[in-house]
Amino acid sequence: MCGIVGLYLKNRDLEPSLGKLFAPMLLAMTDRGPDSAGFAIYGDEVGDNQIKVTLQHPDAAFDWNTVAAGLGSKLGSEPDWLQNANAAVFKLTCDEPTARAAFAALAPGAVIMSVGRSIEILKGVGLPEDIVERFGLAKMQGSHIIGHTRMATESAVSMAGSHPFSTGMDLCLVHNGSLSNHNWLRTRLKHQGVSFETDNDSEVAAGFLTWRLREGDSLEQALHAGLRELDGFYTFAVGTRNGFAVIRDPIACKPAVLAETDDYVAIASEYQALVTLPGIEDAKVWEPEPARVYLWERQDRLGVAA
Amino acid sequence: MKTVDLNTSTVRELNQALHDQAKQCDEREWLVTHPAGTHALACGLDQNISVDIEGHAGYYCAGMNQKATVTVHGNAGQGLAENMMSGVVRVTGDASQSAGATGHGGLLVVEGNASARCGISMKGIDIVVKGSVGHMSAFMGQAGRLVVCGDAGDALGDSLYEVRIYVKGEVASLGADCIEKEMREEHIAELSELLQKAAIDEDPKTFRRYGSARQLYHFKVDNASAY
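Since this is a predicted model, take the numbers as computed values, not measurements.

Criteria and cut-off values
- Residues numbered from 1 in each chain as written.
- Chains lettered and ligands numbered in written order.
- Predicted model: local features only at pLDDT ≥ 70, side-chain atom pairs only at ≥ 80, totals over all residues.
- Heavy atoms only, no water.
- Pairing = 2+ DSSP bridges.
- Helix = DSSP H or I, 4+ residues; strand = E, 2+ residues; numbered from the N terminus.
- Axes fitted to C-alpha atoms, helices over the stretch in contact; angles between N-to-C directions.
- Contact = heavy atoms within 4.5 Å.
- Parallel < 35°, antiparallel > 145°, perpendicular 65-115°, else oblique.
- Left-handed = near helix turned anticlockwise from the far one by under 90°.
- Nonpolar A, V, L, I, M, F, W, Y, C, P; charged D, E, K, R; others polar.
- Buried area = accessible area lost by both parts, 1.4 Å probe.
- Polar contact = N/O pair within 3.5 Å; in protein donor to acceptor, adjacent residues only side chain to side chain.
- Domains from an automatic or database assignment.
- Phe/Tyr/Trp six-rings, centres within 6.5 Å; stacked < 30°, edge-to-face > 60°.
- Lys NZ or Arg CZ within 6 Å of the ring centre and 35° of its normal.

**Quick look at the sheet that holds strand β16 (residues 294–297) of chain A**
All names here are of chain A.
At step 1: Taken in spatial order, the 5 strands line up as β9-β10-β11-β12-β16 in an open sheet, and their pairing is antiparallel. Across the chains shown, the open sheet's two edge strands, defined by having one partner strand only, are β9 (165–168) and β16. Between one strand and the next, the sheet's axes are offset by a mean angle of 20°, whatever the strand orientation.
At step 2: Along the sheet, helix α6 (residues 201–214) contacts β9, β10 (171–179) and β11 (232–239); its crossing angle with β10, the most-contacted strand, is approximately 135°.

In C-alpha cells form, the structure reads like this:
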C-alpha cells in the first residue's frame, strides 16, 4: 500500500519548524506503511563549491570520527560534519566522484543515501515512529521535505528497499504504487550511465528523472517524459534542490490529496495526514488529476543558514 | 440533536450508536464533529435518520446506506456511498474516486467534483454531480441515472448497460458501446425531477443524453458457431 507525504514551505518563517510540522504527517501514515520509513529534508544548504553527503552505517557504534580525520588528510582539511544516530552528514569541498572514492576507502561498510547541496535522506526499517525518534525529525529545519511509509510489495523489507530514493544530486522520489516496466527501464538507464543500488522499482523512477534532468530537461519536462515512459501504478512526490512536484499515473488508482495555503503546499496519500497542519481548515484541498504535473519551484537560496 | 465529537469518541462508537437506531430509534438528528478525514464514517445505516458530518471524511463514508440522509460538509475520500441501497448522501465539496460505486438505490449528490470511476457498476442509484467527473465514470453501469453538470473525463459509460447519463458540459471521450442519444420529452422530465431532488439549479434543456448502444452486453448469434 505505502503512504507518501510531503511539505513544501512557501513562508520562510516556518522553516525552523519544518520537522515539527512534518513528523505528525509521517506518523499518520503508519497504517499504510509499517515496514520502513524515511524522509528527504532540504535545507542547510552548502555553498557553490561544496557538496553535502549523507551516509548510513549498519553498525550504530561505527566511528565516524576516524572517517572525518581520514577525509581531513585526503582533502587537506577536516570537513564540517555531524552524526545523527547511525547516519552522518559531511560537508565537503570537492566533487562527487572524489567524495565517493574517499568514502569507499574510508568507510567501506557505509552506504551513501544522498549527495547534493541541500538534500539529506534519512531512512530505515521499522515503524515510522521509530524513524522519527531515531533521527530527531521534530527538531529539524529546512525548506521542504518528502517522506514515505512503506508496505513492501516489489522487493524485500530492508534498508535498501526503504524510500526515499535518490539517484542524482539533490533529487529524490517517493512512490506509492508499483511499476511494471522497471527491469527493462533499468537496463536502458544503465546503458545511459545511471547507476542503481537496489532492484527496487521506485529507484528506477528516480533514475529515470535523473537521466532526463542530466540530458537537459527541466523538472517539468522530465516529469512529462516520466508520464510517457513509466508504466504502472504510481503517485510520486519528487524533490529537487529548489522544487517539489507531484504526479499520478493516467489510471490514477493510487490516492493523493493536495493542500495549499499562503504558507505551504502539502501532499499526502490520505487527508488524515494533513489535519495537524496549521490553517488546514481554510486550505484549498483537492485531489490531483491523473497524468497532470503539479510543480512548485523557488529561485532563491534554500534553507536556514547553518 | 445528538452530537458525536470524534476527538473524544471512536469511529466504532459512532457507527455502533448509529446502527442501534435501526433497532430502536431514539434520535433522528445526528451531528458528527472533528471527522479529520477518518475512514468508514456513518457506514451501514438502516434507519430514517439524518447525519451531518462537519468536515472532510475519509474513505468509504456512508457505505451501504439504507434510508438515512448523510451530509458531508467538506470533501469525501474514495468509495463515498459505495453500495448505497436507499436514502440520500450529499457532499458539499469534492468526492474522490468510485463515488456511488455499485449503488442499488437512493440519491448521491456531489456539490463539487467527483474524480475517476464515479458510479462504477451502478445498479439503480441516482448520482447528481454539480461539478465534473473523472475518467471511466459509470463504467459497466447497469441501472440508475448519472447527471453531470460540468464535464466528463475519458471513457464515459464504458461497457454500459442501462444507466442513463446526462452531461451538460464537455465529454472528453465516450467509452466502448456508449453513444449519444436523443433527448426526448420524457428525458427532460426525468432530468428535471433529478435536479430538483438534488436541489441543483440547472436548465435540463442544456444537457445531452448518453446511453448504451446495446452492442456489447448480449450474446451475438453470429458467435453461435463457436460452440
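**Some points on the packing of helix α1 (residues 18–28) of chain A against helix α4 (residues 128–135) of chain A**
All names here are of chain A.
At step 1: Running from N to C, α1 and α4 cross one another at 155°; their axes reach a closest spacing of 8 Å. Classified by the angle between their axes, α1 and α4 sit roughly antiparallel to one another. Regarding α1 and α4, the two cross each other, and that crossing is right-handed. Along its contact with α1, which presents Ala-23, Leu-26 and Leu-27, the element α4 presents Pro-128, Glu-129 and Val-132.
At step 2: Of the residues assigned to the contact of α1 with α4, the class counts are 5 nonpolar, no polar and 1 charged.

**Section: the interface of chain B and chain A**
At step 1: Taken together, the contacts link 14 residues of chain B with 14 residues of chain A.
At step 2: Contact between chain B and chain A buries roughly 1,000 Å² in total, counting both sides, with carbon and sulfur atoms accounting for 45%.
At step 3: In this assembly, chain B and chain A are joined by 9 residue pairs in polar contact (both at pLDDT 80 or more).
At step 4: Split by residue class, the side of chain B that touches chain A holds 2 nonpolar, 10 polar and 2 charged.

**So, the domain arrangement of chain A**
Residues and elements named next belong to chain A.
At step 1: We note that the domain assignment places domain 1 (3–45 + 128–297) and domain 2 (48–116) within chain A.
At step 2: Placing a centre on the C-alpha atoms of domain 1 and another on those of domain 2 gives a separation of 25 Å.
At step 3: Each partner contributes residues to the interface: domain 1 has 11 residues there, and domain 2 has 14 residues.
At step 4: Taken together, the two surfaces of domain 1 and domain 2 that pack against each other cover about 940 Å², and 50% of this comes from carbon and sulfur.
At step 5: Between the two partners, domain 1 and domain 2, sit 5 residue pairs in polar contact (both at pLDDT 80 or more).
At step 6: Elements with a minimum of two residues in the side of domain 1 that touches domain 2: α4 and β9.
At step 7: Across the side of domain 1 that touches domain 2, the residue classes tally to 4 nonpolar, 3 polar and 4 charged.

**Side note on the packing of aromatic side chains**
All names here are of chain A.
At step 1: The tally for this structure, following the rule as stated, stands at 11 aromatic pairs over all chains.
At step 2: Site record: aromatic cluster; members linked through ring pairs are Phe-62, Trp-64, Trp-81, Phe-90 and Phe-103.
At step 3: Above the face of the Trp-211 ring, Arg-212 is positioned so that its terminal group lies 4.6 Å from the ring centre.
At step 4: One residue, Lys-284, lies across the ring of Trp-286, its end atom 4.1 Å from the ring centre.

**Some words on the environment of A:His57**
All names here are of chain A.
At step 1: With respect to the helices, strands and loops of the structure, His-57 is situated in the loop between β3 (51–56) and α2 (64–75).
At step 2: Separated by 29 residues in sequence, His-57 and Asn-86 have C-alpha atoms that sit 5.7 Å apart.
At step 3: Side-chain polar atoms of His-57 contact the backbone nitrogen of Asp-59, separated by 3.0 Å.

**Points about the packing of α6(A) against helix α7 (residues 219–229) of chain A**
Helix packing geometry: the angle between the two helix axes and the distance between the axes.
All names here are of chain A.
At step 1: Axis separation between α6 and α7 bottoms out at 9 Å; the angle between their running directions is 130°. Comparing their axes, α7 and α6 come out oblique. Crossing of α6 over α7 shows right-handed handedness. Where α6 abuts α7, its residues Phe-208, Leu-209, Arg-212 and Leu-213 lie against Leu-219, Ala-222, Leu-223, Ala-225, Gly-226 and Glu-229.
At step 2: Grouping the constituent residues of the contact of α6 with α7 by class yields 7 nonpolar, 1 polar and 2 charged.

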